[in-house]
Amino acid sequence: MDRLEIREKIRGKAAELGFGQIVFLPVQPLPLWEQGIQIRKSMDPDTAGYWEGRGLSHDCRAVMQDARTILAASYPYVPYRYPFSPGKGYYSAHYCAYPKGRNAMAILGTVLSENGYQAITDPPLPMKEIAYRGGLGKFGKNGLIHSEKFGSLMTLHMLLTNADLPTDKTEPGEISDCGNCRLCIGSCPMNAISGNGVVHIKCCLRYYMMSPDRIPIEVREKIGDRILGCEDCQISCPRNRRRYKNAVKAEENQEIFDIRKLLTDYATGMKKHMGPIGDRIGKNYARPRRILSMAAIVAGNSGDPSYIPLLADTLHHPHPPIRAHSAWAIGKLGGKSAERILQAARDGEKDPEVLEEINLALETIKKQM
């Protein structure tokens, strides 16, 4: 099979697999990533480790020495209707779509491997910059790539290959077409969007949702019933309006974050939840401690005091942040039983941060009475 036939076979297969668009690009310098990281580090030096930890490179040939072609593709998805059913922690449909798109991209890679070429699926390269250079979309002020057809409701994927395939002529034009629109900036509950395409990562709710550490109280309040992902900036974007209008009910997908089951099973059965979570949204997100922390926070924000006996158990979890979040949640739900539970836990607690949380929770209950 010659190079043109390989490219057309991949293009046809991509359409079958659900990709909205695929583009073939020559290997090229990617300066926007490095420039953007320097801007972020200067604006928020404390996050330098986060960006360096991503391990992304601006040099394709540092990832594959004989790289010749980049295949970039968009995988559109339909958003979930908000909120989920009572007692189910909400998460964005993005997290279900991404592993599907990644697996589909790996299938495209087999076309290359079957013809004797190497291909790396979703290599550690700046995908957003590649998507922009390939004409898949432009940068929004919220830092996301959006297209005219799909808005920002698409996951982005790529293949890096040593196959020297015919490439597409692309003219990406201006890096952003948002003009004077500031809807996403105003909608962010954490004021994380600076307006120049830079998101202050430590102000973003999603940053804390992925953290194993104690989450600040003011952030917990704004998390609400969300387990993973915040879509406020996307919901406000005019380019996504039609797609959110056609949002679908999550059906069985919402069952993976059943708050009552997670809190009930934490001591003996969290592993049985990790399989379905990993299958739906990716194994990287199937982290018991993080999920249990988020479940405690969602329970605290629910206003449902029937969660208190379950939180009384997680208040004795070995991981201090989970104990801290449980204490806060019990205090927020309030009542005499909550007060007794917290007072008993205070007597045996040794961690100073958890003790602080228990005392703050007791003060919260007193103010409610």
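Structure: above.
Cut-off values and rules
Residues numbered from 1 in each chain as written. Predicted model: local features only at pLDDT ≥ 70, side-chain atom pairs only at ≥ 80, totals over all residues. Heavy atoms only, no water. Helix = DSSP H or I, 4+ residues; strand = E, 2+ residues; numbered from the N terminus. Buried < 20%, exposed > 50% of the residue type's maximum accessible area, 1.4 Å probe, protein only. Axes fitted to C-alpha atoms, helices over the stretch in contact; angles between N-to-C directions. Parallel < 35°, antiparallel > 145°, perpendicular 65-115°, else oblique. Contact = heavy atoms within 4.5 Å. Nonpolar A, V, L, I, M, F, W, Y, C, P; charged D, E, K, R; others polar. Phe/Tyr/Trp six-rings, centres within 6.5 Å; stacked < 30°, edge-to-face > 60°. Left-handed = near helix turned anticlockwise from the far one by under 90°.

Engineer: How would you summarise the environment of aspartate 279 if you had to cite specific residues and measurements?
Structural biologist: Here aspartate 279 shows up in helix α13 (residues 270-281). What makes aspartate 279 exposed here is its relative accessible area of 61%. Sequence spacing of aspartate 279 and glycine 89 is 190 residues, and the spatial spacing of their C-alpha atoms is 17 Å.

Engineer: Give me unusual backbone geometry: which residues, what numbers.
Structural biologist: Omega for the bond connecting tyrosine 82 with proline 83 falls within 30 degrees of zero, at -5°, which places this linkage in the cis form. Within the fold, proline 83 resides in the loop between β2 (69-76) and β3 (90-91). The phi torsion at aspartate 122 lies on the positive side, around 45°, for a residue other than glycine. Within the secondary structure, aspartate 122 is located in the loop between β4 (119-121) and α6 (127-133). Its identity is not glycine, yet asparagine 191 carries a phi of approximately 55°, on the positive side. If you trace the backbone, asparagine 191 turns up in the loop between α7 (183-187) and α8 (205-209).

Engineer: Kindly report on the packing of helix α14 (residues 288-302) against helix α16 (residues 320-333), identifying the contributing residues and their values.
Structural biologist: Here α14 crosses α16 at 10°, and the two axes come no closer than 8 Å. Considering the angle they form, α14 stands roughly parallel to α16. Across from Arg289, Leu292, Ser293, Ala296, Ile297, Ala299, Gly300, Asn301 and Ser302 in α14, the residues of α16 making contact are Pro321, Ile322, His325, Ser326, Trp328, Ala329, Lys332 and Leu333. For the contact of α14 with α16, the class distribution of residues is nine nonpolar, six polar and two charged.

Engineer: Provide a residue-level description of the packing of aromatic side chains, including the pertinent values.
Structural biologist: By the definition in use, this model includes 10 aromatic pairs. Taken together, a centroid distance of 4.6 Å and an interplanar angle of 55° make the contact between phenylalanine 84 and tyrosine 90 tilted. Each ring, one from tyrosine 91 and one from phenylalanine 257, has its centre 5.4 Å from the other, and the planes form 85°; the classification is edge-to-face. Linking tyrosine 91 in strand β3 with phenylalanine 257 in the loop between α11 (241-245) and α12 (259-265), this pair joins segments that are 166 residues apart in sequence. Taking relative accessible area as the criterion, phenylalanine 257 reaches 1% and is therefore assigned buried.

Engineer: Let's hear about the packing of helix α17 (residues 336-348) against helix α18 (residues 352-368): which residues, and what values?
Structural biologist: Following both chains from N to C, one finds α17 and α18 inclined at 155°, their axes separated by 10 Å at the closest point. Here α18 runs roughly antiparallel to α17, going by the angle between their axes. Crossing of α17 against α18: the hand is left-handed. Along its contact with α17, which presents Ala338, Glu339, Leu342, Gln343, Ala345 and Arg346, the element α18 presents Leu355, Ile358, Asn359, Ala361, Leu362 and Ile365. Residue composition of the contact of α17 with α18, grouped by class: eight nonpolar, two polar and two charged.

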